[in-house]
Protein chains: 2
Amino acid sequence: MKHIADSTVRRLSLYLRFLEEFERHGHATISSGELARSGGTTSAQVRKDLSFFGSFGKRGLGYGVSDLIASLRHILGLEARWPVVIVGAGKIGAALAQYRGFGTHGFDVVGVYDTDPARVGEALNGVPVRPDAQLEADIAALRPRIAVLCVPGEAAQPVLDRVVAAGIRAVLNFAPAALTAPEGVTVRTVNMATELEVLAFALTNAP
Amino acid sequence: MKHIADSTVRRLSLYLRFLEEFERHGHATISSGELARSGGTTSAQVRKDLSFFGSFGKRGLGYGVSDLIASLRHILGLEARWPVVIVGAGKIGAALAQYRGFGTHGFDVVGVYDTDPARVGEALNGVPVRPDAQLEADIAALRPRIAVLCVPGEAAQPVLDRVVAAGIRAVLNFAPAALTAPEGVTVRTVNMATELEVLAFALTNAP
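Numbering of residues starts from 1 in every chain and runs along the sequence as written. All chains are assigned letters beginning with A, and all ligands numbers beginning with 1, in the order in which they are written. Residue-level local features of this predicted model are given only where pLDDT is at least 70; pairs of side-chain atoms are given and counted only at 80 or more, and the full residue set underlies all totals for whole chains, interfaces and linings.

Q: Give me the lowdown on the packing of helix H1 (residues 6-24) of chain B against helix H4 (residues 65-76) of chain B, citing residues and values where you can.
A: Residue and element names in this part refer to chain B. Every axis corresponds to a line fitted to the C-alpha atoms, with the helix fit spanning only the stretch in contact, and the corresponding angles, defined between N-to-C directions, vary from 0 to 180 degrees. Helix and strand assignments come from DSSP, with helices taken as H or I runs of at least 4 residues and strands as E runs of at least 2, each series counted from the N terminus. Running from N to C, H1 and H4 point in directions that differ by 145°, and their axes come no closer than 10 Å. Handedness of the crossing formed by H1 with H4: left-handed. Contact residues: H1 offers Leu 12, Ser 13, Tyr 15, Leu 16, Leu 19, Glu 20, Phe 22 and Glu 23, while H4 offers Val 65, Ser 66, Leu 68, Ile 69, Leu 72, Ile 75 and Leu 76. All residues other than Ala, Val, Leu, Ile, Met, Phe, Trp, Tyr, Cys, Pro, Asp, Glu, Lys and Arg, Gly among them, are scored as polar; the first ten of these are nonpolar and the last four charged. Partitioning the contact of H1 with H4 into residue classes produces 11 nonpolar, two polar and two charged. Crossing handedness is defined as follows: a turn of the near helix away from the far one that is anticlockwise and smaller than a right angle gives a left-handed crossing, while the clockwise case is right-handed. Residues are scored as being in contact if the C-beta atoms we place from backbone atoms lie within 7 Å.

Here you go:
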């Protein structure tokens, strides 16, 4: 398959969000125009995004909602369930560990880790917080595919290096740090401060 | 000022993160090369990003860390403090309300709102959760500039419409929904499911 841009994958994920909502509301078919409107894009973009992966929908009849959901889940790799470890059980880590959206989207939190002995043993959504020192042994045993980093900024790169050495190839980073990873490892960073600063910039420079 | 791309603003915010770290470690100057390496970009990109806003640094001497921090804070609009309301005091809303990074970056949580009477009155980091019905009156009184939406997907658009009608022009949305806002209102969406799905896609389609 040729290289698919990140922005395309993000739109596919967004289309899936809407299609799931359409299905909950009992809709059986949807036009590319409706899908485009909900995703803030154009019909042409929707058709182009989907065309990377095959032929969907019937001219004039639109897309079958449940068929397109199944196709998008297949494309995005969501037919399998993905085991996830969360490193750092502070406010953000604990909130994520208890976030039900993980489970409903196919991501199972199999371990939560912290260096603070006071937090170890606490159960978050049924998953006990385990000592940080167990991380490598648990990755070997539980074979998580994704690590979510919720550690302080200065701890993020060392933790990333450890999970990569233990075999993890996909990381979602909430620490305020830009991380370097070897080729073949995908790291995505979500930074609250940056999101807020982009808003502050927009407000400051509003016409 | 000419239009500055979102991606530029995000890099400026990232440079600020690193410069703050450099300053904590006692560094007085930094080269564009060092700044580029920490941001995963190139010296040329760093110089170009900064050139939009004036002339910084001295050839061969690099940038003064504290000067550049002050300049970036000015550019990003962080010399003022920004009052913020959080709508929705569930797991994510409560975690954000207690996130110390808000305060250290100049964002003050002035109100947290929920529709659940059981949550109203609870204090999150010293800010009591108030009834959702108070939102408009509080926006008029407290004049927050940014609203953070941590409500369920189907509630997000109605809440967005309410805060915009009350005068808010910048919104950070954590709800799993794509929102439409009138011109002049900046909405940024952080979607955990999408971030995870981008990782699942990368793992599924790894060479």
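Let's pick the thread back up.
Q: How would you sum up the domain arrangement of chain A? Please name residues and give values.
A: Buried accessible area, meaning the area lost when the parts come together, often serves as the stated size of an interface. Just so you know, the domain bounds were taken from an automatic or database domain assignment. Along its sequence, chain A is organised into domain 1 (6-76) and domain 2 (82-194). For domain 1 of chain A versus domain 2 of chain A, the distance between C-alpha centres works out to 31 Å.

Q: Which residues make up the sheet that holds strand S3 (residues 82-87) of chain A, and what are the values?
A: Pairing within the open sheet is mixed, and its seven strands lie in the order S5-S6-S4-S3-S7-S8-S9 (chain A). Edge strands, defined here as strands with exactly one partner in the open sheet, are strand S5 (123-124) and strand S9 (186-189) of chain A. In this fold helix H8 (residues 153-165) of chain A packs onto S3, strand S7 (146-149) and strand S8 (170-173) of chain A, with an angle of close to 170° to the strand it touches most, S7(A). Contacting S3, strand S4 (107-114), S7, S8 and S9 of chain A, helix H9 (residues 192-204) of chain B runs over the sheet at an angle of about 160° to S8(A). Two strands are counted as paired when DSSP detects at least two bridges linking them.

Q: Please provide a residue-by-residue account of the relation of the copies chain B and chain A, values included.
A: Structural alignment of chain B on chain A gives an RMSD of 0.0 Å, achieved by rotating through 180° and translating 0.0 Å along the axis. What we have between these two chains is a two-fold relation. Taking C-alpha positions as reference, the residue of chain B nearest the rotation axis is B:Ala95, located at 3.1 Å. Of the interface residues in chain B, 98% have counterparts in chain A that sit at the interface too, so the contact is made through matching surfaces. All copies are superposed by least squares; the fitting set is the C-alpha atoms of residues with a pLDDT of at least 70 in both.

Q: Account for helix H4 (residues 65-76) of chain A, naming residues and giving values.
A: Between its terminal C-alpha atoms H4(A) stretches 16 Å, which fits the 16 Å expected from 12 residues at 1.5 Å a residue. Residues A:Val65, A:Leu68, A:Leu72, A:Ile75 and A:Leu76 constitute the buried set of H4(A). Angularly, the buried residues of H4(A) cover 90° about the axis, an arc narrow enough to put them on a single face. Packing partners of the buried residues in H4(A) comprise helix H1 (6-24), strand S1 (29-30) and strand S2 (63-64) of chain A together with H9 of chain B. Of the residues trailing H4(A), A:Gly77 is marked for its positive phi of about 80°. The span you would expect from a helix comes to 1.5 Å times its residue count less one. To sort residues by burial, count the other C-beta atoms lying within 10 Å of each one's C-beta; a count of 20 or more means buried, 12 or fewer means exposed, and anything in between means partly exposed. C-beta atoms are built from the backbone. Picture the helix axis, draw a direction to every C-beta atom, and the arc is the one those directions span.

Q: Quick one: what's the story with the confidence of the model for chain A, residue by residue and with numbers?
A: For every residue, the predictor states its confidence as a pLDDT score lying anywhere from 0 to 100. Averaged over every residue, the pLDDT of chain A is 88; residues scoring 70 or more account for 95%. Predicted complex metrics record ipTM = 0.85 and pTM = 0.79.

Q: Give a detailed account of the interface of chain B and chain A, specifying residues and quantitative values.
A: Opposite the 48 residues of chain B that make contact, chain A presents 50 residues. Counting only elements with at least two residues in the side of chain B that touches chain A, the list comes to H1, helix H2 (32-39), helix H5 (91-97), strand S8 (170-173), strand S9 (186-189) and H9 of chain B. Here the side of chain B that touches chain A gets 13 residues from one element, more than from any other, and that element is H9(B). Residue composition of the side of chain B that touches chain A, grouped by class: 26 nonpolar, 12 polar and 10 charged.

Q: Go over the sheet that holds strand S5 (residues 123-124) of chain B with me, naming the residues and quoting the values.
A: Read across the open sheet, the seven strands follow the order S5-S6-S4-S3-S7-S8-S9 (chain B); overall the sheet is mixed. Of all the strands in the sheet, just S5 and S9 of chain B have a single pairing partner and so form its edges. Sheet topology places S8(B) next to S9(B); four bridges connect them, and they run parallel. Pairing of B:Asn173 across the sheet is with B:Thr189, part of S9(B). Against the sheet, helix H9 (residues 192-204) of chain A makes contact with strand S3 (82-87), strand S4 (107-114), strand S7 (146-149), S8 and S9 of chain B, and its axis sits at roughly 160° relative to S8(B), the strand it touches most.

Q: Tell me what's going on with the nonpolar core, and back it up with residues and numbers.
A: A:Ile86, A:Val87, A:Leu149, B:Ile86, B:Val87 and B:Leu149 are the most contacted members of the largest nonpolar core, which has 132 residues in total. Among all residues touching B:Val87, those that are not within four sequence positions of it are B:Tyr113, B:Leu135, B:Ala147, B:Leu149, B:Cys150, B:Val151 and B:Val159. To define a nonpolar core, we join buried Ala, Val, Leu, Ile, Met, Phe, Trp, Tyr and Cys residues through C-beta atoms within 7 Å and take the resulting set.

Q: Let's hear about H1(B): which residues, and what values?
A: All names here are of chain B. Helix length check: H1 (19 residues) gives 27 Å between terminal C-alpha atoms against 27 Å at 1.5 Å per residue, within 8%. What H1 keeps buried is the set Val 9, Arg 11, Leu 12, Ser 13, Leu 14, Tyr 15, Leu 16, Arg 17, Phe 18, Leu 19 and Phe 22. Gly 26 occupies a position one or two residues after H1 and carries a positive phi of about 85°.

Q: Now, about the pairing of S8(B): what can you tell me, with residues and values included?
A: Residue and element names in this part refer to chain B. Both faces of S8 are covered, namely the face carrying Ala 170 and Leu 172 and the face carrying Val 171 and Asn 173. With four bridges joining them, S7 and S8 adopt parallel strand pairing. Bridge assignment links Val 148 to a residue of S8, and that residue is Leu 172. Traced from S7 through helix H8 (residues 153-165) to S8, the parallel crossover comes out right-handed. A crossover gets the label right-handed when its path from the first strand over the helix to the second runs clockwise, viewed with the strands pointing away from the viewer.

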